[in-house]
Amino acid sequence: MRIGVFVCNCGTNIAGTVDTKRVASEALSFADVVYATNYMYTCSEPGQQEIQRAIGEHGLQGVVVAACSPRMHEPTFRRAVEKAGLNRYMFEMANIREHVSWIGNDREANTQKAIDLVRMAVAKLRFNNPLFSSKMPVNKRLLVIGGGVAGIQAALDCADGGMDVVMVERKQYIGGKMAKLDKTFPTIDCSSCILGPKMVDVSQKENITLYAASEIESISGYIGNFTVQIRKKATYVNWEACTGCGLCTEKCPSKKAADYFNEGLGAARAINIPFPQAIPKKAAIDAQFCRQLNGKKCGVCAKVCPVQAVDFEMKDSIVTEQVGAIIVATGYDLFDHSAYGEYGAGRYPDVISGIQYERILSASGPYGGHIRRPSDGKEPKDIVFISCVGSRDASVGRPYCSGICCMYIAKQAILTRDHLPESNSYVFYMDIRSPGKNYDEFVRRAQEEYGVQYIRGRVGKIYPRGDRMVVQGADTLLGVQVEVEADLVVLATGVESSAGAGELAEKLRISYDQYGFYMESHPKLRPVETNTAGVYLAGACQGPKDIPSSVAQGSAAASKVQSLFAHDTIETNPQVALVNERTCISCGKCIQVCPFGAIQWKELRGGIKKAEVLPTVCQGCGVCNATCPPKAIQLQHATDNQILAEVNELCA
Amino acid sequence: MERTNTLSIQQSRDNDFIREVEEASGQTVSKCYQCGNCMASCVYTFAYDYPVTQIMRLTQLGQRDTVLGSSSIWLCANCQACTTRCPQNIDVAQVMETLRVMSRKANTVSQRDIRVFYDEFLRSVKTFGRVFETGLLPVYNLRTKRPFTDFDLAPRLMWKGKLSFLPARIKKRKKIAQIFEVIKRDRFSKDGKARPEPLSSQTDI
Amino acid sequence: MKRVAYYKGCSLEGLAVEYDRSTRIVCEAFGIELVEIPDWNCCGSTPAHSYDPLLSAALAGRNLAIAADNGCDMVMTPCPGCLKSLKGAQETCEDPQQRKAFVDLVGKDVDGLKTVSLLQLLYEEVGAEALQKAVQRPLTGHVLIPYYGCLLTRPAQKARFDDPENPISMDRLIEATGATAPDFPYKTECCGATYGVTRNDFVGRLGGRILDMAARLGGEAIVVACPLCQQNLDMRQKQINKYYKSAFNLPVPYISQIIGLALGIDPKVLGLNKLCVSPRVLLEDRTQPDQEAQRVGAAVKPGPNQPGGIAGGESIQPS
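Residues numbered from 1 in each chain as written. Chains lettered and ligands numbered in written order. Predicted model: local features only at pLDDT ≥ 70, side-chain atom pairs only at ≥ 80, totals over all residues. Heavy atoms only, no water.

**Considering the environment of Ala156 of chain C**
- Looking at the secondary structure, you find Ala156 of chain C in helix H8 (residues 156-159).
- Using a relative accessible area of 32% as the deciding quantity, one classes Ala156 of chain C as partly exposed. (Helix = DSSP H or I, 4+ residues; strand = E, 2+ residues; numbered from the N terminus. Buried < 20%, exposed > 50% of the residue type's maximum accessible area, 1.4 Å probe, protein only.)

Shown next, in the form of C-alpha cells:
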C-alpha cells in the first residue's frame, strides 16, 4: 500500500507543543509510507486540496491525517479522499490535539507521543479495506418527546411541513411549565393567551398524534428507522369517550388530592382536569387519592359520567410507533428549596417558590389571581424575593446559573405592584443577569417605574417573628447587614434537569452532563443535534433556557428534521459486524451478548445454523467481536487484525 | 483601623499574603464571589470594622495590613454561621481563624483586652494544666485596668458554691508546659518568616 | 454496659458543676459507664487555636491519647467547645502534613477514636424512645425551648451530627420527657458567650435576642447542652436584662438536668439549685388537667417574660 501522512499544525494549537515537522519526517520511515508533510490548517480548503494533490501525484492508496479529534473532521477528510478517488474508509485519523498538544506542555514528550499515534494509525491503515454503505428508506414520521413549549413548537413546525408527528407527554396535559405561568417577561403578555392557541393546534392537527399521560418505554433502531414503544399510563378514564364536561370532578368526594398543577397550594379532587384550558381536556384519576381504587366504596364518578368513560379496571398499555427521527424536549424541573435549612426548608408556609407565586398570580390559580399568603389568606404588604436559590450555589450541588430567575423575579415584582399598589417588594440578588433583547430595560423598569427595592446581597436566614417572617440579609454595596420584615417570601428556585432525564437518555443512547442536562453534539456548531444520529434536542432539557430560546430551539430542531426528511433514503454505516460462516462454530454467544438484538440464526442448506448480523440494526459496538471464541465475527473497520496492528506498534 | 477610600491595586496588593492565607487555611480565597451571605449570617457584623464579606474581599486584594489590623478578626467568635451557609463551600471561619493566628504572629492584634484575656487564659493552662476561672478574672481586670468587670456576679456565684479559690492542678504539668515551649519555638520557623513577636513578659505566654 | 471516656473540661469543674453532676447521673441511669480521663488537661479552647492551631491540637490530643490508653474507643464531652478542639486534634493527626508534628508533641497518634457530645451520646446511644419509656415524672404541660448553640452541629462536615440549620435531637429528647419543644428559630444562633468577660455588651445584645425569642414562643425555660451558653444566659441574665431593658426570668437548665428530672431524680442531686435563675417553675406537676387549665389562664396575664417595652431591641441600623 502507498500511504501518505499529513500532520496538522492547527495554527499553534498543535505546533505550539508538538514538533509537527519532526512527526512528518519520522512518519516517512514507517512501512508503506511514501509521502509525509506538515501543514498549517489541514482542514482548510487548501489543506484538503493538498491531500488530494498528493493522492494523485504520489499514487496514494491510503491517507493518515494527524490532527484533532475525529468527531468534527473525520467526515471532512473522508469526503476529501473520496473526491480524489479513494474509498472513504482508506483513511485514518490520529488525534494529536485533544490527546496530545492540549494536555501537556513537554514538547519532547508530546512529539514522541504524536509519532507513536501516527505510527499506530499507519499500522492500522495497512489492514484497512474499502467498505461500502447501502441505502435505506427514511420513515418520514417524527417523534417529539415532551409537550412543553419547545416540543409544541417543533411538532407544529414539522406538522406544517406535512410530516406526521407523534407527541408523547408524561403529564396528562401539554403546555409544560409555560402553562403554569401567569405572564411572561419582558412583555408581560399573558402566558396562556400565547400558548393556548398552539396547544389547541396540537390537538386539532390531523397529522399530530398526541399521547398524553404516556412515557417512552423503549427505543430501538437507528436514524430513519426507529421503533418506539410508548407506555400509556392508566388514567382510569376512557379518553375516547370522555368529553371533558367536568361532572365527575364536581361530584368526586375525595377533595384533598394533591394539586400538582397549583404546586400544592390548593387541593384537587381525585378525578380532575388540571386546568380549564387543558389539552387534552380529559379527566384522569389520581390513584393515590381515589376511594374506589383504594378499596373503599365509592364509584361516584362512574355513576355520574354521562358517557360511561370511567374504567376502574384500566391498566397501563403499550403502543408501538415507527418513526424516522426523534426530538427530545423534556424540559426541566425546579430546585426543591427544602435543601435550604436556613430558609426554613419548606417548613414555613409563607416562604414559597417562584412557581408557586406564579400560580398565586394566575387568574386560574388557587386564589383566583388575588395575592394572598398561604398561611392565613391575608394580603401581604411586604414581599421579599430571593434570587439564586438552587442556582450558583456549589453547596447544594448547583453551581450553574439558571438564567431565567433574575427575569422572572423582576416580572413577579412588577405584577405584585400591579395587583397590590400599596405593597412593597424587595429583591435580594447577587448579580442581575439580563442579556436578552429588552431584558435589562425590563429590570430597570422594575426599579425605576415600579419602585421595587433591589438589595445586592444574599440572605442568610429567614425566621418567623409573630405572624411575619424576618429576612436577615446583606447589602454588600453598603457593607451592612440588613433585615426586612416580610409577610411573604418568594424564593427564586433555580432550574434543574427533569426527573428521569438520565433514564430516558440511556434509552435514547444520548449523553448528558453531570447535572442531567442532555449534551448537544457541539456547543456552538451543532446545538440541537446529539451524538446519536436522528435524535435532536429542543428546550431546557439541554440546559436552562427561557421561552424565546426554547421556542427557537424547537424550530431549529424541526428544521434539522425537515432537512433529514427531505431525503428519501439515507446511507447505512458499513462499520458493522460481519460473520465469517466458515469459521463460525454456531455457539450462539454473539446472539446472547448483542445489546441491540442485531444477530440472529441463519439456516444454511442441510440445516446448519450460523450467526447472521442484521446490518441495519447493528450499532457497531464490538461486544460480539470480543466474545466470539473463534473470532469468526469481526467488526468492520475495527477488526482484531487492525487493533492488534496498533497495539503491536505501541509495544514494539 | 481607619478606612481608606482610595486604593492603588498594584502598589498595595501583597500576593504573598494571599498565598499565606490560602496555605494556612486550606481555603481558596478566590472562590469567594462576594454574595454577602457570611455578612448576613454573622451575628457580630454590628461590631466589626469590616464585615466578613469585606475581610474576604480585602484578602482577595492582598491587603495584609488592613486585614491583620482589623477589629473584625478578633471580634469573630468562630460560631461557624458563615462556614455553614457559604454557597461556595468556603470555610470562612477557618479563614478568620488563620487571620487571627497571622495577626498574633505579626503582632498586629487590634483588640488588646481580648488578647490579654487569651494570654492569661493560656498562661493559666500552661501553669496548672487547666483553666483557673476564679484566678483568671482578677488578673485580666488588673491588666486591662477595668477592675470591676463581672464583680456583680461574684456574690451569687459564691453563694451557689461555684467559685473555687484554689486552682485545680494536673499531675503532668511539665508535659503541658513542654508542649507550649515546643510550639513557641517552632511557630515562626514553620513558615520561614522569622518575624519574632516582641518577647516582653507582658504579652508573651 | 457501654464504656465511654469522659472528658469533662474545665467549665464542668467550676461554673458548670451541675452539668457534670447531672451528666454522670443520667448516663449511669441508662447504663453508660463514664470513665473520666485520668489527669486530663484543658483543651486550650479559643485562645489556643488563635495562638497556633497545633497548640490546640496537641493540648486536646493529649487527652485523646490518654483515653485510648485506657482502652476506650469513644470519647464524650458535654462541652461543644471542647468537642471542637478534640475533633480538631483528630483532624490534625489525620493530616499527612501535620501528623508527625502532632505525634511528636502528643506521643502517639489518636486514630480510630469516635468523639461525641453528650447530646449525641444520649440521642444515638440511648434515644428518645428509650427515654420515653424510662420517664417516671413526665414534664407534660411544660414548654421548654431547645437551644443548641452555635458549635454543637456546625460546621456540618466536622460535627457529623444532626442538622446544621435545624437540629432536632434535643427537640426529640425534650418531647420524650412529655414537655413541648416549640420550633425555635434561634436554635443555632451564637449567644456571644466567648465575649462574656471582654465585651459584655455583645452578650446583652445576642443573649437578649435569644431570651426574647424564647419568651415570645411562650417558653418557660431554655434547655441547653453547652456550659458556655448556660453561663451566658443564666448567670448573666441580669446583665442582659440591664442592657436589653427587659425583665426576663427564664431558667436555663441543661438537657441532662431535664432528662434527670423526667427520670424522677431529686432536683437537688441534679444540681438544679445551682442555677442562678430559679428553675422552680419546672417542678410544677402539670399532668393533672385542672392545673393545665390554671396555667393556660395564667398565661393570658402579661408575665415578666412577655415581650413589649423592649426599646429598639433588634433593629439593625447602618451606622
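**Looking at the interface of chain B and chain C**
- Chain B puts 61 residues into the contact, and the matching count from chain C is 59 residues.
- For the pair chain B and chain C, the summed buried surface comes to about 5400 Å²; carbon and sulfur atoms form 59% of the total.
- Looking only at chain B, the three residues that lose the most surface to chain C are Phe46, Arg130 and Lys162 of chain B, adding up to 13% of its buried area.
- At the surface where chain B touches chain C, the tally comes to seven salt bridges. (Contact = heavy atoms within 4.5 Å. Buried area = accessible area lost by both parts, 1.4 Å probe. Salt bridge = Lys/Arg side-chain N within 4 Å of Asp/Glu carboxyl O.)

**Regarding the pairing of strand E3 (residues 62-67) of chain A**
All names here are of chain A.
- Here E3 lies mainly inside the structure; six of its six residues are buried.
- Side chains Gly62, Val64 and Ala66 of E3 all project onto a buried face; the interleaved residues Val63, Val65 and Ala67 project onto the opposite face, where all are buried too.
- The sheet contact formed by E3 and strand E4 (residues 91-95) spans five bridges and is parallel. The partner of Val64 across the bridge, within E4, is Glu92.
- In the classification by handedness, the crossover that spans E3, the intervening helix H3 (residues 70-83) and the parallel E4 is right-handed. (Pairing = 2+ DSSP bridges. Right-handed = clockwise from strand over helix to strand, strands pointing away.)

**Concerning the environment of Asp201 of chain A**
- Summarising the element assignment, Asp201 of chain A is placed in helix H7 (residues 191-204).
- Considered as a pair, Asp201 of chain A and Ile152 of chain A are 49 residues apart in the sequence and their alpha carbons are 9.1 Å apart.

**Topic: the side chain of Ser550 of chain A**
Residues and elements named next belong to chain A.
- Locating Ser550 in the fold gives a position in helix H14 (residues 547-565).
- Ser550 sits in the buried class, given a relative accessible area of 6%.
- Reaching out from Ser550, the side chain makes a polar contact with the backbone oxygen of Asp546 at a distance of 2.9 Å.
- Not counting residues within four places of it along the chain, the set of residues in contact with Ser550 comprises Val149, Ala150, Gly539, Ala540 and Lys545. (Polar contact = N/O pair within 3.5 Å; in protein donor to acceptor, adjacent residues only side chain to side chain.)

**A few points about the domain arrangement of chain B**
- The domains assigned to chain B are domain 1 (9-105) and domain 2 (112-186).
- For domain 1 of chain B and domain 2 of chain B, the distance between their C-alpha centres works out to 29 Å. (Domains from an automatic or database assignment.)

**Comments concerning the confidence of the model for chain B**
- In this model, chain B carries an average pLDDT of 89, and 90% of its residues clear a pLDDT of 70 or more.
- Taken together, the stretch residues 198-202 of chain B has pLDDT below 50 and engages in six contacts with residues farther than four places along the chain or on a different chain. (pLDDT = per-residue confidence, 0-100.)

**Some words on the domain arrangement of chain A**
All names here are of chain A.
- Per the domain assignment, the segments of chain A are domain 1 (3-125), domain 2 (141-233 + 316-331 + 498-565), domain 3 (247-304), domain 4 (333-496) and domain 5 (577-636).
- Each side of the interface is counted separately: domain 2 has 18 residues, and domain 4 has 26 residues.
- The contact between domain 2 and domain 4 buries some 1800 Å² in all, and 68% of this surface belongs to carbon and sulfur atoms.
- Counting the contacts that link domain 2 with domain 4 gives one salt bridge.
- Salt-bridge contacts for Lys177 lead to Asp333; the nearest nitrogen and oxygen are separated by 3.7 Å.
- Where domain 2 meets domain 4, there are five residue pairs in polar contact (both at pLDDT 80 or more).

**A few points about the interface of chain A and chain C**
- In this complex, chain A contributes 12 residues to the contact, which on the side of chain C involves 12 residues.
- Buried surface at the junction of chain A and chain C, summed over both partners, amounts to about 1100 Å²; 51% is from carbon and sulfur atoms.
- The three residues of chain A that bury the most area against chain C are Arg347, Lys461 and Arg465 of chain A, which together make up 38% of that side's buried surface.
- For Lys461 of chain A, the salt bridge identified is with Glu189 of chain C, shortest N-O distance 4.0 Å.
- For the pair chain A and chain C, the interface holds three residue pairs in polar contact (both at pLDDT 80 or more).
- Secondary structure elements with two or more residues in the side of chain A that touches chain C: strand E24 (459-465) and strand E26 (480-486) of chain A.
- For the side of chain A that touches chain C, the element with the highest residue contribution is E24 of chain A, accounting for four residues.

**Considering the state of the cysteines**
Residue and element names in this part refer to chain A.
- Under the counting rule described, the total for this entry stands at one disulfide over all chains.
- The disulfide partner of Cys190 is Cys193, and the S-S distance across this bridge is 2.5 Å. Note on the Cys190 and Cys193 pair: the S-S dihedral is about 80 degrees, so by sign convention the disulfide is right-handed.
- Left without a disulfide partner, Cys401 is nearest to the cysteine sulfur of Cys406, which lies 6.3 Å away.
- The thiol sulfur of Cys618 is not disulfide-bonded, and the nearest other cysteine sulfur, from Cys624, lies at 6.2 Å.
- Relative accessible area serves as the criterion here: at 14%, Cys618 is assigned to the buried category. (Disulfide = S-S within 2.5 Å.)

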